[in-house]
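Breakdown of the fold
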Amino acid sequence: MRAWTLAGAAGALLIAWFRLRVDALLALSLASAALLGLAFVWVSRRRPLVELERSAHPTRFTVGQQGRVVLHGHTVATTPWLMLTESIDEGRRAARFVLVPLAAGTPVQAGYRVATERRGLQLMGPALLTLTDPCGLVRQTWAVTGATEILVRPRVLAIVPPRRGGGGEPAERATGPRVPVVEALGEFLALREYEPGDDPRRVHWRSSARQGELLVRVDDAPAPGRTVVLLDGRADRYDEASFEVAIEAVASIAAALRRTHQTVEVVTSGGETMRPGSRSGLDAVLDRLAVLEPETTDHLTSVTAALRNRLGLGGVVVVTGAADETIVDVAAALRGRRVVTLVVTRPSPVTTGPIPVVDAASQPFPQAWNPALRTGTRWHPANYPSRSRSRR
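Our subject in this report is the structure included herewith. Just so it is clear, the structure is predicted and the values come from calculations on it, not from any experiment. (Residues numbered from 1 in each chain as written. Predicted model: local features only at pLDDT ≥ 70, side-chain atom pairs only at ≥ 80, totals over all residues. Heavy atoms only, no water.)

What follows deals with the overall build of the protein. When helices and strands are counted, the protein shows 8 helices and 18 strands. Within the protein, the proportion of its 392 residues that are buried is 44%. Total accessible area on the protein is roughly 20,800 Å²; 55% of this is exposed by carbon and sulfur atoms. (Helix = DSSP H or I, 4+ residues; strand = E, 2+ residues; numbered from the N terminus. Buried < 20%, exposed > 50% of the residue type's maximum accessible area, 1.4 Å probe, protein only. Areas by Shrake-Rupley, 256 points an atom, 1.4 Å probe, with all protein chains shown as cover.)

Next up, the structure:
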């Protein structure tokens, strides 16, 4: 702005000299032009004087958590006064720093806090270095770092893990029929037919003699079934606040499953499955939940059918906004050997019958979830028949 003002003044003085022929006007015009030219040459001969990198602490942010981004590096030459500007969240905000004159090789570090009020992806950068001539007439700007994506995850709340039914499979590799046996000392659970490769020491000779065929002891009980979290992503079930509560509920349940060494699996009504295979797989689920939005596609019917046919599925937690008849029918269809819990994050007049409901619309999710899970019926093998306990 100053340069354009000075250039306009120099032009006006030159025009005045042509009309009035006053030498002082010409001198002022030439002096203004010379000053502007010197400022331009002084700035244009400079190169980027600082090398910087960007790092985030911690590497992954969580809603409500204190986060910080640090720009660090060093000067590559003696620097004058400089202005450093970091674009934040695609230019919605900016962090500005003034760098004093420094000698070459001097370490440089500048940091700022990251707003974590909402989950999602934020774009940090590029960082711009601005050099201005001593008179403040001309400036030049360089990008000294690229842009970096910062992910803000949903909050993980302290809750008890969900219940799961007896949908698990026995640890024994054989799938033939089992004969339940009650031993006085409780040494084993059942008998099955001998198969090639079985250890002869596991043959129960007394029962084999009665049955007329070799029977082998089964010592392992069926494990409790896996738990799947089904997120109803239909956009018409939510407003903005209730969808965020639903995302936090799913994240918290997934973290509780991982904390108790259970497999984490999240399925959406749009057909997406988050099923990480590694121990650190919870990170992948939380990263996906950080950017998940209400879905425009609805494959709830096919998703429900796939879950109904799943072996080893002992529990399903259905998370929705305002419950409607469709989601109640889904929860009812998934019942049976499975423990089904319905979490609602928006008020709804629809009745759910015998399906237990966690009402996170009228109170915070942990306060609704923890009492409901602690007072509910716990899984017990006797309550859920398993193939390892079925009679021939």
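Quick look at the nonpolar core now. Ranked by size, the top nonpolar core spans 34 residues in total, and within it Leu231, Ile253, Leu289, Val319, Val343, Phe365 and Trp369 carry the most contacts. Elements represented by at least two residues in this core include exactly strand E13 (226-231), helix H4 (240-259), helix H5 (281-291), strand E16 (313-320) and helix H8 (365-375). Broken down by element, the residue count for this core peaks at 11 residues, all from H4. Filtering out sequence-adjacent residues up to four positions away, Ile253 remains in contact with Ile159, Pro162, Val229, Val317, Val319, Phe365 and Trp369. Leu82, Leu84, Leu131 and Ile150 belong to the second largest nonpolar core, which has 26 residues in total. (Core = buried A, V, L, I, M, F, W, Y, C linked by side-chain atoms within 4.5 Å. Contact = heavy atoms within 4.5 Å.)

Together, Trp81, Met83, Val98 and Val100 make up an exposed nonpolar region whose accessible area comes to about 390 Å². For Val98, the location among the structural elements is in strand E5 (residues 93-99). (Patch = residues over 30% accessible without salt bridge, like charges linked within 9 Å, V, L, I, M, F, W, Y side chains within 5 Å. Salt bridge = Lys/Arg side-chain N within 4 Å of Asp/Glu carboxyl O.)

With that settled, the discussion passes to the sheet that holds strand E3 (residues 67-75). If you walk across this open sheet you meet the 3 strands as E1-E3-E6, and the pairing is antiparallel. Whereas interior strands pair on both sides, the edge strands pair on one side only; in this sheet they are strand E1 (50-57) and strand E6 (107-114). In this sheet, adjacent strand axes meet at a mean angle of 20 degrees when their direction is disregarded. Pairing of E3 with E6, which is carried by 8 bridges, proceeds in the antiparallel orientation. Within E6, the position partnered with Gly73 by the bridge is Val108. (Pairing = 2+ DSSP bridges. Axes fitted to C-alpha atoms, helices over the stretch in contact; angles between N-to-C directions.)

Turning next to helix H7 (residues 325-333). Of all the positions in H7, only Ile327, Val328, Val330 and Ala331 are classed as buried. Projected down its long axis, H7 shows its buried positions confined to an angular sector of 155 degrees, all on one face. Within H7, the exposed residues directed more than 90 degrees away from the buried face are Glu325 and Asp329. Buried residues belonging to H7 abut E13, helix H6 (300-308), E16 and strand E17 (339-344). (Arc of directions from axis to C-beta.)

End to end, helix H2 (residues 23-44) covers 32 Å across 22 residues, agreeing with the expected 32 Å (1.5 Å per residue, within 8%). All of the buried residues in H2 are Leu25, Ser29, Ser32, Leu36, Ala39 and Val43. For H2, the arc enclosing every buried residue in end-on projection is 95 degrees, short of the 170-degree limit, so these residues lie on one face. Residues of H2 that are exposed and point over 90 degrees away from its buried face: Asp23, Leu30 and Leu38. (Expected span 1.5 Å × (residues − 1).)

It is worth spelling out unusual backbone geometry at this point. A cis amide bond links His57 with the next residue in sequence, Pro58, at an omega value of -5 degrees. With respect to the helices and strands, Pro58 occurs in the loop between E1 and strand E2 (61-62). Between Gly125 and the following residue, Pro126, the backbone shows a cis peptide bond with an omega angle of 0 degrees. When you line up the elements, Pro126 lands in strand E7 (residues 120-132).

This brings us to the sheet that holds strand E14 (residues 266-268). Strand pairs in the sheet, formed through backbone hydrogen bonds, run parallel or antiparallel to each other. Spatially, the 6 strands line up as an open sheet ordered E15-E14-E13-E16-E17-E18, and their pairing is mixed. Two strands lie at the open edges of the sheet, namely strand E15 (273-274) and strand E18 (357-359), each paired on one side alone. Of the strand pairs in this sheet, E13 and E14 are connected by 3 bridges, and their pairing is parallel. Paired with Leu231 across the strands is Thr268, a residue of E14. In the packing of H4 onto the sheet, contacts are made with E13, E14 and E16, and the angle to E13 comes to roughly 170 degrees.

Let's shift gears to the pattern of salt bridges. If charged atoms from side chains of opposite charge come close, those side chains can pair. Enumeration over the complete set of coordinates arrives at 16 salt bridges. In this structure, the salt-bridge partner of Asp89 is Arg92, at a minimum N-O distance of 3.0 Å. Residue Asp89 is classed as buried on the basis of its relative accessible area, which comes to 6%. Measuring nitrogen to oxygen at the nearest pair gives 2.6 Å for the salt bridge that ties Glu272 to Arg288. Residue Glu272 is found in the loop between E14 and E15, and its partner Arg288 is found in helix H5; the two are separated by 16 residues along the sequence. Relative accessible area serves as the criterion here: at 23%, Glu272 is assigned to the partly exposed category. Sharing partners across several salt bridges, the network here consists of Asp232, Arg234, Asp236, Arg237 and Asp324.

A few words on the packing of aromatic side chains. Per the counting criterion, the structure on display carries 2 aromatic pairs. Here the aromatic rings of Tyr238 and Phe243 are separated by 5.1 Å at their centres, their planes lie at 85 degrees, and the arrangement is edge-to-face. We note that Tyr238, like Phe243, is buried. Centre to centre, the rings of Phe365 and Trp369 are 5.6 Å apart; their planes meet at 40 degrees, and the pair counts as tilted. A residue pair is termed a helical-turn pair when its members lie 3 or 4 positions apart in one helix, as Phe365 and Trp369 do in helix H8 at 4 residues. In this pair, the class of Phe365 matches that of Trp369, namely buried. (Phe/Tyr/Trp six-rings, centres within 6.5 Å; stacked < 30°, edge-to-face > 60°.)

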